[in-house]
Amino acid sequence: MAEVVDADGRGAASVDERVEPAETSFARGNGKKGANGGNNWSALLSVMKQVLRGVRPGKSVRYDTAVPSKMLLPRSALEVMEDMYYAGEMQNGLSSIGRQATPEGRMLALVRWYLHTVTAPPYLRKPYNPVLGETHVFQAQDGYMMEEQVSHHPPVTAFYGEDLSGNTKYWGQYEPHATFTGVGILIRMTGKSSIQVRENELYEMPQVGLHIRLLPPLGAEWVGKVRIRCEATGLCTAFEFKPRGILPGGSWNVVTGRIYRSLRTHGNKNGKGEEVLLQFKGSWMGQVVVTDNNYAGYPAEGDVLVDGKYKHDVNPAIGPKFTEVLNKNDEKSSYAVWRKLTLALYDGDDAASGKEKHRVEQYERKVRKWRKESGIEWGPRFFEATDGHAATGEKITMWKLRSHELSEYLRSVGGGIWPFHCPCCELYKFRPSEASCTLRSHPLLGLPEEEDEDALSTKVVPSPLRMFKKLGRGKKQQKAGLVEGSAD
């Protein structure tokens with residue numbers, strides 16, 4: 001239970017974010033569980049006419065097109081990241097990667113963790129588009145994650161996470177691009193994700209695409225090729241998420257892959273070819289089985305590599321129940337921004353959900369207009385823009401973590417629950433270096449004498465929204481970090 005103060009300063013009733021929705025027809029991405037009822041189909045046809053008007057196969061479509069509230073999943077896109085962080089049993093969590101003794105063992109643990117994080121997408125339900133500056137900080141099993149919407153046009157989300165010890169760090173960004181395929185819409189995620197383990201092992205990976213089929217067989221599925229590569233060890237894993245065929249009897253959720261050692265590494269630029277260590281095939285919603293083994297330390301042929309049958313019991317409308325939101329008191333948190341809309345959707349109240357969706361959109365438009373007229377440029381709180389390249393090689397704006405800002409923020413919102421490990425201060429052995437760190441109160445350096453630790457743990461985070469109780473009020477507005485956005 002938690003009490004949230006609205007953007008206009010009024011108190012709000014306590015709510016439980018894990019209440020079950022009154023309408024439980026939030027179908028998963030399994031083709032056999034296609035539609036969500038006749039009302040959704042009529043709404044879908046209306047949206048498709050708007051989205052696909054004049055669009056031919058292979059052409060881009062707008063990802064942020066407005067959809068009726070009855071087609072919304074009662075969660076922000078930032079909150080959906082909780083599902084991707086889920087790894088089934090604890091032994092397959094993010095921290096399992098760093099616990100392995102060999103590079104081969106760490107790659108195998110990473111493969112298992114990655115396959116567990118691929119969960120069933122909802123069909124005919126769309127999460128809220130995060131507003132600019134929206135944040136979501138949560139604890140999940142053996143790790144933590146922080147996300148921020150750093151851009152709205154185009155929509156870009158940046159994130160950073162760690163396991164409890166800080167031995168394994170996970171960060172990246174994603175930007176959805178939608179394309180009409182002729183039979184559905186393919187949402188390709190531009191960006192890059194990276195996992196750092198120990199001192200020199202950096203694993204880079206692209207994001208898999210989401211295909212929403214609008215013609216039979218109906219359903220939503222992850223498709224595309226993904227390669228995880230570690231330059232330092234030369235180890236790679238190639239995944240292929242295969243689309244469902246159009247013929248009757250085709251299989252959903254098929255994934256194949258192999259772990260191999262590239263003979264071209266950082267220390268051997270002239271190496272060619274690869275040495276395959278392990279091959280596997282199966283369903284990421286069921287069992288993935290080893291089909292060939294050429295490395296003694298890996299599971300034998302025929303062994304189950306990953307068992308994901310539990311994913312059928314995960315309700316995409318609610319998400320995993322093991323997570324704990326750490327920044328509810330921040331008015332820019334997903335919890336606070338969308339609380340009223342979420343409750344209206346849980347209650348099955350179309351009129352109230354439409355009203356709340358419109359309220360959020362209108363407020364964001366007013367702020368956007370005010371910022372434009374005032375000549376104020378917005379900037380993210382926890383990330384800064386740099387030049388870089390996506391995993392596919394294309395040049396994009398990359399978002400680098402402002403570690404000191406995040407550390408101070410987490411001390412305020414979480415009361416020290418997340419023992420954030422500052423990358424510039426801690427040399428993997430977690431020994432702080434005062435000479436290289438400008439952070440005013442690094443967690444490992446102790447608190448300044450003038451600050452009280454108990455006061456820090458209960459301090460409410462000041463939000464830029466409090467300066468905008470009424471638009472057009474004085475110079476204080478020029479200090480606000482506010483937003484443009486859309487709720488759908």
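Heads up: the structure comes first, above all this text.
Residues numbered from 1 in each chain as written. Predicted model: local features only at pLDDT ≥ 70, side-chain atom pairs only at ≥ 80, totals over all residues. Heavy atoms only, no water.

Participant: So what exactly am I meant to see when it comes to the overall build of the protein here?
Facilitator: The number of helices and strands found in the protein is eight helices and 19 strands. The buried share among the 488 residues of the protein stands at 54%. Taking as baseline every contact in the protein between residues at least 6 positions apart, the subset at least 24 positions apart corresponds to 61%. Summed over its atoms, the accessible surface of the protein is roughly 22100 Å², and 50% of this surface lies on carbon and sulfur atoms. (Helix = DSSP H or I, 4+ residues; strand = E, 2+ residues; numbered from the N terminus. Buried < 20%, exposed > 50% of the residue type's maximum accessible area, 1.4 Å probe, protein only. Contact = heavy atoms within 4.5 Å. Areas by Shrake-Rupley, 256 points an atom, 1.4 Å probe, with all protein chains shown as cover.)

Participant: So what exactly am I meant to see when it comes to the nonpolar core here?
Facilitator: Across soluble globular proteins, you tend to see nonpolar side chains buried next to one another. Counting residues in hydrophobic clusters, the biggest one holds 51 residues, and the most contacted among them are Tyr114, Ile195, Phe239 and Phe241. Considering every element that reaches this core, the biggest residue donor is helix H4 (residues 103-117), with eight residues. Sequence-distant contacts of Phe239, defined by excluding residues within four places in its chain, comprise Val111, Tyr114, Leu115, Gly224, Lys225, Val226, Ile228, Val255, Thr256, Gly257 and Phe280. In terms of nonpolar packing, the next biggest core, distinct from the first, is built from 19 residues, Val150, Ala158, Tyr160 and Leu406 among them. (Core = buried A, V, L, I, M, F, W, Y, C linked by side-chain atoms within 4.5 Å.)

Participant: Help me understand the pattern of salt bridges in this model?
Facilitator: Two side chains of opposite charge can pair, provided their charged atoms sit close to one another. Taken as a whole and assessed by the stated rule, the structure comprises twelve salt bridges. For Glu204, the salt bridge is made with Lys192, and the minimal N-O distance between the two is 4.0 Å. With Glu204 in strand S9 (residues 201-205) and Lys192 in strand S8 (residues 184-197), this residue pair connects regions lying twelve residues apart in the sequence. Several salt bridges converge on common partners, so that one network encompasses Glu104, Arg261 and Glu275. (Salt bridge = Lys/Arg side-chain N within 4 Å of Asp/Glu carboxyl O.)

Participant: Can you help me understand the pairing of strand S12 (residues 235-242) in this one?
Facilitator: Note on strand geometry: in a regular strand, side chains alternate between the two faces of the sheet. A large share of S12 lies buried, amounting to six of its eight residues. Bridge count between strand S11 (residues 219-230) and S12: six bridges; the pairing is antiparallel. Residue Arg227 lies in a different strand from S12, and its bridge partner there is Ala238. Where S11 folds back on S12, the antiparallel hairpin that results is connected by four residues, among which Gly234 adopts a positive phi of roughly 80 degrees. Two elements, S12 and strand S13 (residues 254-262), share eight bridges in a ladder whose sense is antiparallel. When the bridges of S13 are listed, Thr237 appears paired with Ile259. (Pairing = 2+ DSSP bridges.)

Participant: Would you explain the environment of Phe239 in this entry?
Facilitator: Residue placement: Phe239 occurs in strand S12. For Phe239, a relative accessible area of 2% gives the class buried. For the pair Phe239 and Phe280, spaced 41 residues apart in sequence, the C-alpha separation works out to 9.4 Å.

Participant: Looking at this structure, I do not really get the packing of aromatic side chains. What am I missing?
Facilitator: Each aromatic ring pair is described using two quantities: the centre-to-centre distance and the angle formed by the ring planes. Overall, the coordinates contain eleven aromatic pairs when judged by the stated rule. Aromatic side chains Tyr114 and Phe239 sit 5.0 Å apart centroid to centroid with 35 degrees between the ring planes, which places their arrangement in the tilted category. Highlighted residues: Tyr114 in helix H4 and Phe239 in strand S12, separated in sequence by 125 residues. Pair check on accessibility: Tyr114 and Phe239 agree, each one buried. When the ring of Tyr128 is compared with that of Trp338, the centres are 4.7 Å apart and the planes differ by 35 degrees; the resulting orientation is tilted. Taken together, the positions of Tyr128 in strand S3 (residues 126-128) and Trp338 in helix H5 (residues 334-346) put the pair 210 residues apart, joining distant regions of the chain. Ring pairs connect the aromatic residues Trp113, Phe159, Tyr170 and Tyr174, which therefore count as one cluster. Its guanidinium or amino end placed over the ring of Tyr335, Lys328 lies 5.1 Å from that ring's centre, counting from NZ or CZ. (Phe/Tyr/Trp six-rings, centres within 6.5 Å; stacked < 30°, edge-to-face > 60°. Lys NZ or Arg CZ within 6 Å of the ring centre and 35° of its normal.)

Participant: Can you help me understand unusual backbone geometry in this one?
Facilitator: Trans peptide bonds make up most of the peptide bonds, and negative phi angles are found at most residues other than glycine. At the junction of His153 and Pro154, the peptide bond is cis and its omega measures out at 0 degrees in the coordinates. Here Pro154 shows up in the loop between strand S5 (143-152) and strand S6 (155-163). Of note, the bond from Pro216 into Pro217 is cis; its omega dihedral lies within 30 degrees of zero at -5 degrees. Take Pro217: it is sitting in the loop between strand S10 (209-213) and S11.

Participant: In this structure, what is going on with helix H6 (residues 350-374)? I would like to understand it.
Facilitator: Given 3.6 residues per turn, any residue in an α-helix points the same way as the ones three and four places further on. For H6, spanning 25 residues, the distance from its first C-alpha to its last is 36 Å, which sits close to the expected 36 Å at 1.5 Å a residue. Turning to H6, its buried residues are Ser353, Glu356, Lys357, Val360, Glu361, Glu364, Val367, Trp370 and Arg371. Buried residues along H6 sit against strand S2 (72-76) and H5. Sitting at the amino-terminal end of H6 is Asp349, which places a side-chain oxygen 3.2 Å from the backbone nitrogen of Ala351. Residue Gly375 follows H6 closely and has a positive phi angle near 70 degrees. (Expected span 1.5 Å × (residues − 1). Polar contact = N/O pair within 3.5 Å; in protein donor to acceptor, adjacent residues only side chain to side chain.)

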